[in-house]
Amino acid sequence: MRYRRSDVAGGTYFFTVNLQNRNQTTLVDEIDLLRSVFLTTKAKHPFKIDAMVVLPEHLHCIWTLPPDDSDFSIRWRVIKAAFSRGIAKLNPVNESQYRRRERGIWQRRYWEHLIRDDNDFARHVDYIHFNPVKHGYANRASDWPYSSIHRYIRSGDIDPDWGVSSDFVGKFGER
């Protein structure tokens, strides 16, 4: 099946990428490997990480691609494959995964959204940074260590106390 994906050279995109087993903590358990894989991938296939958060079983990020490039899917293929090769086998694979040479670590697909404007960008950055609070991993966004919020705080773009759970009740579609 072919999925309809945005194809904008130099575009800025929001992504959600999940582990196949949403009960695992592999992404934070193997954070050093994940960071290394991202750096290696960026060296071969450049892109800018505008914002990112890594949770135990999924991650969200915003990337901006180079002006002449729209191929984010190659980057995700490289990241997923390199990360999978770098960790011990966790999950048994089914026949389809075996044929595709998949390790059964990642969900095959991911969510992608083309950022439309500055307001859309700001809303997605907030969503990314608030995500650890939303999922109960932190009381305030800056308490979570695997987030670009720390870069935003250092640059003065976000206050260290931003993202306390009571500040955002209902803001991101939660009840």
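The model shown is predicted, which means the values in this text are computed figures rather than measured ones.

Calculation notes
- Residues numbered from 1 in each chain as written.
- Predicted model: local features only at pLDDT ≥ 70, side-chain atom pairs only at ≥ 80, totals over all residues.
- Heavy atoms only, no water.
- Pairing = 2+ DSSP bridges.
- Helix = DSSP H or I, 4+ residues; strand = E, 2+ residues; numbered from the N terminus.
- Axes fitted to C-alpha atoms, helices over the stretch in contact; angles between N-to-C directions.
- Contact = heavy atoms within 4.5 Å.
- Buried < 20%, exposed > 50% of the residue type's maximum accessible area, 1.4 Å probe, protein only.

## With respect to the sheet that holds strand β1 (residues 12-18)
Sheet strands pair by backbone hydrogen bonding; their relative direction is either parallel or antiparallel.
Okay, so step 1: With antiparallel pairing, 4 strands are arranged side by side in an open sheet as β2-β3-β1-β4. Of all the strands in the sheet, the pair left with one neighbour each is β2 (48-54) and β4 (111-114). Neighbour to neighbour, the strand axes of the sheet diverge by 15° on average, direction disregarded.
Okay, so step 2: Bridging between β2 and strand β3 (residues 58-64) involves 6 bridges; their strand directions are antiparallel.

## What about the side chain of His113?
Okay, so step 1: Note on placement: His113 falls in strand β4.
Okay, so step 2: Setting aside anything within four residues of it in sequence, one finds His113 in contact with Thr12, Tyr13, Phe14, Asp120 and His124.

## Overview of the environment of Pro145
Okay, so step 1: Along the chain, the position of Pro145 falls in the loop between α5 (118-134) and α6 (149-154).
Okay, so step 2: On the basis of relative accessibility, which here comes to 45%, the residue Pro145 falls in the partly exposed class.
Okay, so step 3: Through-space distance from the C-alpha of Pro145 to that of Pro132 is 9.7 Å; in sequence the pair is 13 residues apart.
Okay, so step 4: Setting aside its immediate chain neighbours within four residues, Pro145 contacts Arg35 and His150.

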